[in-house]
Amino acid sequence: MRIGTRLTIVLMLCVMPVIAAYTYWTVAQSNVYVNELKQSARAISSGLAPSVDEELVAQEFEKIGDAFRKMDAEGTRSAILRKDGTLWYSLPDFPAELVDAARVQLAQHQPAEFGPTSGAKNWFCELVPMKGQGGEVIGYLLEVQDWTKVARDNRARSIASIVVAFVLLGLIATVIPLTVNRYVSRPLADLSAKVMKFSAKDSDREGSEVELLSEEFRRLDQQLNRARIDLEDRHRRELELERELQRADRLATIGALASGLAHEIGTPMGVIRVRAESLQNDETTSADSRVKLGIIVRQIDRIARIVRMLLDYARKSESHKAVCDLRTIAERAMTLLEPEAAAEASEPSRDSAKIR
């Protein structure tokens, strides 16, 4: 179920009890008005009954008629019934059907207040016992009021309240979905459509917008984590490559420096070799000196080979395949490593000498 539909249902469930309570309160106000009318009718009956009792005992029907006419002018019609419910005295225009209804009430021992409907009219009737001198009931005072207008007003007010409630409910049922669709459903649908573009293969998934967005953001979070890990690995490899490039740059610098030093060293070494050979070939030189000069010449040749290898290392050249003697390569490598090996071999002897 979409989030907009859920929100609409929740809002409607919140609004409907309020509208129902308002309708009930409006109808209850009509009942309050009816109860006030009943209390007014009871007050009139309780005020009229004592005087009618005395005049009825005295058989003064003219005074009773005058009192009935005054009450009739105020909207209350009256009649006197015998104990069996038959008509004893009333004005000529008193409705006879109300006397029959009162007789039925007395015969069935029903409540003294009743509201019969006669034709298109609604009446409110009240039976008040009339007592003689000994307190014995000698008859009943029947007082009726025409409540047709009151009943019509109550029905109209109730109908109006119900109509207003349904109109409000209809307006709310129209406004809430439109508002929710505009400010909630549509933005969420647009956001879901944009986010779902990242996973077009799962574009037919079902569920609410929030569920789809939560699932999509969870998937994007996983992808971002994987991308972060890949980026860190790539950055680490780039750092290693940069270090290798820096090391290669330093080696190239060392090679260029070695090339310059080789040219600077090679010239004096050549001069020294020529002079050493010259002294070695001199007849006046002793045999011991010739041996020593031979050692100098060999060491100069060694230095020349090392300088030549440094020049070869610093010189840019293209790689190519060729057949070569591995013994020559091994001899050259051993020549380069011989000083370092000799230095390492001399270090233990020095340490042992220090210990002694």
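Each remark here, short or long, concerns the structure printed above.
Quick summary incoming for the structure in this document. Predicted model only: the values in this text are computed from it and were never measured.

### Some details on the environment of Ala333
Now for step 1: Structurally, the position occupied by Ala333 is in helix 7 (residues 326-355).
Now for step 2: Given a relative accessible area of 35%, Ala333 falls into the partly exposed group.

### Overview of the nonpolar core
Now for step 1: Formed by 14 residues in total, the largest nonpolar core has its most connected members in Leu81, Phe94, Cys125, Leu127, Leu142 and Val144.
Now for step 2: Elements supplying a minimum of two residues to this core: strand 1 (76-81), helix 3 (96-107), strand 5 (121-131) and strand 6 (137-146).
Now for step 3: Among the elements that make up this core, the one with the highest residue count is helix 3 (four residues).
Now for step 4: Setting aside anything within four residues of it in sequence, one finds Leu81 in contact with Thr86, Leu87, Trp88, Val99, Ala102, Leu127, Gly139, Tyr140 and Leu142.
Now for step 5: Residues Ala49, Ile64, Met71 and Leu141 belong to the second largest nonpolar core, which totals 13 residues.

### Quick notes on the packing of helix 1 (residues 3-57) against helix 2 (residues 61-73)
Now for step 1: The interhelical angle for the contact between helix 1 and helix 2, taken along N-to-C directions, is 165°, at an axis separation of 9 Å. When the axes of helix 1 and helix 2 are compared, the pair comes out roughly antiparallel. Like other packed secondary-structure pairs, helix 1 and helix 2 cross with a definite hand, here left-handed. Of the residues in helix 2, those touching helix 1 at Ile44, Leu48, Val52, Glu55 and Leu56 are Phe61, Lys63, Ile64, Ala67, Phe68 and Met71.
Now for step 2: Of the residues assigned to the contact of helix 1 with helix 2, the class counts are nine nonpolar, no polar and two charged.

### Considerations on the packing of aromatic side chains
Now for step 1: A complete count under the given rule lists one aromatic pair for this structure.
Now for step 2: With a centroid separation of 6.0 Å and an interplanar angle of 35°, the aromatic rings of Phe68 and Tyr89 are classed as tilted. Here Phe68 is found in helix 2, whereas its partner Tyr89 is found in strand 2 (residues 87-90), with 21 residues between them in sequence.

### Structural notes on the pattern of salt bridges
Now for step 1: Taken as a whole, this structure holds nine salt bridges when the rule is applied.
Now for step 2: Notably, a salt bridge pairs Arg273 with Asp301, separated by 2.5 Å at the nearest N-O pair. Pair noted here: Arg273 is in helix 5 (residues 209-281) and Asp301 is in helix 6 (residues 287-314), with a separation of 28 residues, a long-range link.
Now for step 3: Where Lys292 meets Asp288, a salt bridge forms, and the shortest distance between an N and an O atom there is 3.6 Å. Within this pair, Lys292 and its partner Asp288 are both found in helix 6, separated by four residues, close to a single helical turn.
Now for step 4: For Asp288, a relative accessible area of 48% puts it in the partly exposed group.

### Quick look at the pairing of strand 2
Now for step 1: As paired strands, strand 1 and strand 2 are joined by three bridges and run antiparallel to one another. Paired with Ile80 across the bridge in strand 2 is Tyr89.
Now for step 2: The antiparallel pairing of strand 1 with strand 2 creates a hairpin that spans five residues between the two strands, and Gly85 there sits at a positive phi of about 95°.

### Considerations on helix 2
Now for step 1: Here helix 2 contains 13 residues, and its C-alpha end-to-end distance of 18 Å stays within 8% of the 18 Å for a straight helix at 1.5 Å per residue.
Now for step 2: Here helix 2 has its buried residues at Ile64, Gly65, Phe68 and Met71. For helix 2, the arc enclosing every buried residue in end-on projection is 125°, short of the 170-degree limit, so these residues lie on one face. Opposite the packed face of helix 2, turned more than 90 degrees from it, sit the exposed residues Glu62, Lys70 and Ala73.
Now for step 3: Check the buried side of helix 2 and you find it contacts helix 1, strand 1, strand 2 and strand 6.
Now for step 4: Backbone geometry just after helix 2 places Gly75 at a positive phi near 100°.

### Focus on the environment of Ile3
Now for step 1: Relative to the elements of secondary structure, Ile3 occurs in helix 1.
Now for step 2: By relative accessible area, which is 23% here, Ile3 ends up partly exposed.
Now for step 3: Taking the C-alpha atoms as reference points, Ile3 and Leu188, 185 residues apart in sequence, are found 8.8 Å from one another.

Cut-offs and rules
Residues numbered from 1 in each chain as written. Predicted model: local features only at pLDDT ≥ 70, side-chain atom pairs only at ≥ 80, totals over all residues. Heavy atoms only, no water. Helix = DSSP H or I, 4+ residues; strand = E, 2+ residues; numbered from the N terminus. Buried < 20%, exposed > 50% of the residue type's maximum accessible area, 1.4 Å probe, protein only. Core = buried A, V, L, I, M, F, W, Y, C linked by side-chain atoms within 4.5 Å. Contact = heavy atoms within 4.5 Å. Axes fitted to C-alpha atoms, helices over the stretch in contact; angles between N-to-C directions. Parallel < 35°, antiparallel > 145°, perpendicular 65-115°, else oblique. Left-handed = near helix turned anticlockwise from the far one by under 90°. Nonpolar A, V, L, I, M, F, W, Y, C, P; charged D, E, K, R; others polar. Phe/Tyr/Trp six-rings, centres within 6.5 Å; stacked < 30°, edge-to-face > 60°. Salt bridge = Lys/Arg side-chain N within 4 Å of Asp/Glu carboxyl O. Pairing = 2+ DSSP bridges. Expected span 1.5 Å × (residues − 1). Arc of directions from axis to C-beta.

By themselves these figures say nothing about function.
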